[in-house]
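# Geometric and topological summary
Listed below, chain by chain, are the residues.
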Amino acid sequence: MSAKHALVLGAGGFIGSHLVRRLKREGFWVRGVDLKFPEYSETDADDFIVGDLRRAEVCDLAIDRRFDEVFQLAADMGGAGYIFTGEHDAAIMHNSAMINLNIADRCHRRNIRSVFYSSSACIYPAYNQEDPDNPNCAEASAYPAAPDSEYGWEKLFSERLFLSYNRNYGMRNRVARYHNIFGPEGTWMGGKEKAPAAICRKVAMASSGDAIEIWGDGKQTRSFLYVDECLEGTTRLMRSAFEGPVNIGSEEMVTINGLVDIVAEIAGKRIDKHHIPGPTGVRGRNSDNRLIEEKLGWRPSQTLTAGLERTYEWIERQVRKNG
Ligand code: NAD
């Protein structure tokens, strides 16, 4: 029997490059598409197109056959330093919406049935995330909509886009809302990195007794999901009868100060915190995993510390390599 074919859009990115590796292990023939090759290791894809998915001709080239599974992860994104400053709003909305409009349409016209779309916890209303101890991120709380960033608004639009293709064209697209995914081979410097990577880098560069800079008072809460768990949830959802939207995240909520303490302990260093003004996003956010457990009979199980150990080890190696 010939191998199943998968298409990973955003295959040069953090989650996409891990997903390609996983699909290869599962026996798929895989094509990846991205503006760039993965930064930290060779791609495992059988075929890789370096191209801009905002352009129709690149989408035609990429979607030239009936793939069994398409994973649409390409997006103009970054951490709080990219999303919340406001400077990139127009680019984020234009670039990501353009990609999603192109992909939904091309896949429909190729008679592809299944597109997985990675939405985000950033779609949840800011008004439900003001209390750091009790954020509400149940799927049904998404409306009335009030995301705190244009990135979140674009994700909400594109969720609806992919699900409308299900209703009108009989597709079986799947939508997940990722909550802060982290792990080795993710962006760790340069301005687009997220909190776990930024904190691992700062701790790796610090000596015991040093203070590292933290944006805000550090009392804002978040949860973080290790990339392998994210892929487990992603592939399970793709092959299930449930279309979503559903959270894929961890329910182990920590403060940013608490995250620093865990990383410092892993590093074996005494680290002080110097709080400075900076973009922080909502006060509290945590995944709510009741729906995924009900629909898929699965929820992530690894601890935050276990994932951070692997991530810190990788980032410390990068810091040493980069002098
Ligand atoms: P990433 O930035 O590492 O990967 C996205 C990839 O898309 C990048 O490699 C980028 O080059 C590519 N891309 C951007 N514009 C493109 C274009 N015009 N044409 C082709 N490729 C283009 O991000 P990631 O962390 O791997 O996230 C993957 C997806 O999951 C994104 O859609 C993101 O919004 C979503 N998501 C991620 C998280 C997280 O915590 N990492 C949380 C919520 C949602």
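Residues numbered from 1 in each chain as written. Predicted model: local features only at pLDDT ≥ 70, side-chain atom pairs only at ≥ 80, totals over all residues. Heavy atoms only, no water.

### Some points on the domain arrangement of the chain
The condition is simple: An automatic or database domain assignment supplies the start and end points of every domain. Contact criterion: two residues are considered in contact whenever any of their non-hydrogen atoms come within 4.5 Å of each other. Accessible area that two parts lose when put together, evaluated with a 1.4 Å probe and summed over both, is termed the buried area.
When its domains are assigned, the chain resolves into domain 1 (5-179 + 226-248) and domain 2 (182-223 + 252-287 + 303-322). Taking only C-alpha atoms into account, the centre of domain 1 sits 25 Å from that of domain 2. With 29 residues of domain 1 at the interface, the matching set in domain 2 holds 29 residues. Taking both sides of the interface into account, the surface hidden between domain 1 and domain 2 amounts to around 2400 Å²; carbon and sulfur atoms contribute 57%.

### Quick notes on unusual backbone geometry
The line we're drawing: Only runs of H or I of at least four residues qualify as helices and only runs of E of at least two qualify as strands under DSSP, and these elements are numbered from the N terminus. The buried label goes to any residue with under 20% of its type's maximum accessible area, the exposed label to any with over 50%, and the partly exposed label to all in between, with areas taken from a 1.4 Å probe on protein chains only.
With an omega dihedral of 0°, the bond running from Y143 to P144 counts as a cis peptide bond. By the secondary structure assignment, P144 is in the loop between β5 (115-120) and α5 (150-169). Residue P245 follows G244 across a cis peptide bond; omega there is 0°. For P245, the location among the structural elements is in the loop between α7 (227-238) and β11 (246-248). Unlike most non-glycine residues, N180 shows phi in positive territory, near 40°. With respect to the element layout, N180 can be found in the loop between β6 (174-178) and β7 (181-182). For N180, a relative accessible area of 22% gives the class partly exposed. The residue E185 is not glycine, and still its phi comes out positive at about 65°. Along the chain, E185 falls in the loop between β7 and α6 (195-205).

### A look at the packing of helix α1 (residues 14-25) against α7
Packed helices, taken two at a time, are described by the angle between their axes plus the distance between the axes. Rules: Between N-to-C directions, angles span 0 to 180 degrees; the directions come from axes that are lines fitted to C-alpha atoms, helices contributing only their stretch in contact. Roughly parallel covers angles under 35 degrees, roughly antiparallel covers those over 145, roughly perpendicular covers 65 to 115, and oblique covers all other angles. Note on convention: near helix rotated counterclockwise from far helix by under a right angle means a left-handed crossing. Clockwise means right-handed. For this classification, Asp, Glu, Lys and Arg are treated as charged, while Ala, Val, Leu, Ile, Met, Phe, Trp, Tyr, Cys and Pro are nonpolar and the rest, including Gly, are polar.
Packing of α1 against α7 brings their axes to within 10 Å, and their N-to-C directions diverge by 65°. By the angle class used here, α1 and α7 are roughly perpendicular. The hand of the α1/α7 crossing is right-handed. Residues F14, I15, H18, L19 and R22 of α1 form the contact with α7, whose participating residues are V227, D228, C230, L231, E232 and T235. Split into classes, the residues belonging to the contact of α1 with α7 amount to six nonpolar, two polar and three charged.

### Examining the site of the ligand
Cut-off, in case you're wondering: Note on terminology: near, applied to a residue and a molecule or strand, indicates that one of the residue's heavy atoms is within 4 Å of it. Polar contact criterion, stated in full: a pair of N or O atoms within 3.5 Å, where within protein one must be able to donate a hydrogen and the other to accept it, and residues adjacent in sequence count only if both atoms are side-chain atoms. Using a 1.4 Å probe, the Shrake-Rupley method yields the accessible areas, and only the shown protein chains count as cover for residues.
Around the ligand, the surrounding shell holds 26 residues, and the nearest of these are I15, D34, Y151, I181 and K194. At 2.9 Å, a backbone N or O of L73 approaches an oxygen atom of the ligand. Relative to its free-state accessible area of 800 Å², the ligand is covered by the protein chains to the extent of 92%. Elements with a contribution of two residues or more to the shell around the ligand: α1, β5 and α5. Looking at the shell around the ligand element by element, the count peaks at three residues for β5.

### Observations regarding the sheet that holds strand β3 (residues 47-50)
Note the cut-off: One bridge is not enough; two strands pair if DSSP finds at least two bridges between them.
Taken in spatial order, the seven strands line up as β3-β2-β1-β4-β5-β6-β11 in an open sheet, and their pairing is parallel. If you trace the sheet from one side to the other, it starts and ends with β3 and β11, each paired once. The sheet shows a mean angle of 20° between the axes of neighbouring strands, taken without regard to direction. Packed on one face of the sheet, α5 meets β4 (69-72), β5 and β6 and runs near 155° to β5. Against the sheet, α7 touches β4, β5, β6 and β11, its axis set at about 160° to β6.

### A few points about the environment of Q318
Note that Q318 resides in helix α10 (residues 304-321). Between the alpha carbons of Q318 and Y40 there is a distance of 9.6 Å; along the sequence they are 278 residues apart. Beyond its immediate chain neighbours, meaning those up to four positions away, Q318 contacts Y40 and W188.

### Some thoughts on α5
This is how it is decided: To estimate the expected span of a helix, subtract one from its residue number and multiply by 1.5 Å.
For α5, spanning 20 residues, the distance from its first C-alpha to its last is 28 Å, which sits close to the expected 28 Å at 1.5 Å a residue. Remark: G170 follows α5 within two positions and exhibits a positive phi of approximately 70°.

### Observations concerning the packing of aromatic side chains
The condition is simple: Between rings of Phe, Tyr and Trp, where Trp is taken as its six-membered ring, a pair exists when centres lie within 6.5 Å; planes separated by under 30 degrees are stacked, by over 60 edge-to-face, and by other angles tilted.
Counting across every chain of the model gives seven aromatic pairs. Seen in terms of ring centroids, F71 and F116 are 6.0 Å apart; in terms of plane orientation they differ by 45°. Their pairing is tilted. Highlighted residues: F71 in strand β4 and F116 in strand β5, separated in sequence by 45 residues. Considered together, F71 and F116 belong to a single accessibility category, that of buried residues. Consider the rings of Y165 and Y169, whose centres lie 5.1 Å apart with planes at 65°: the pair is edge-to-face.

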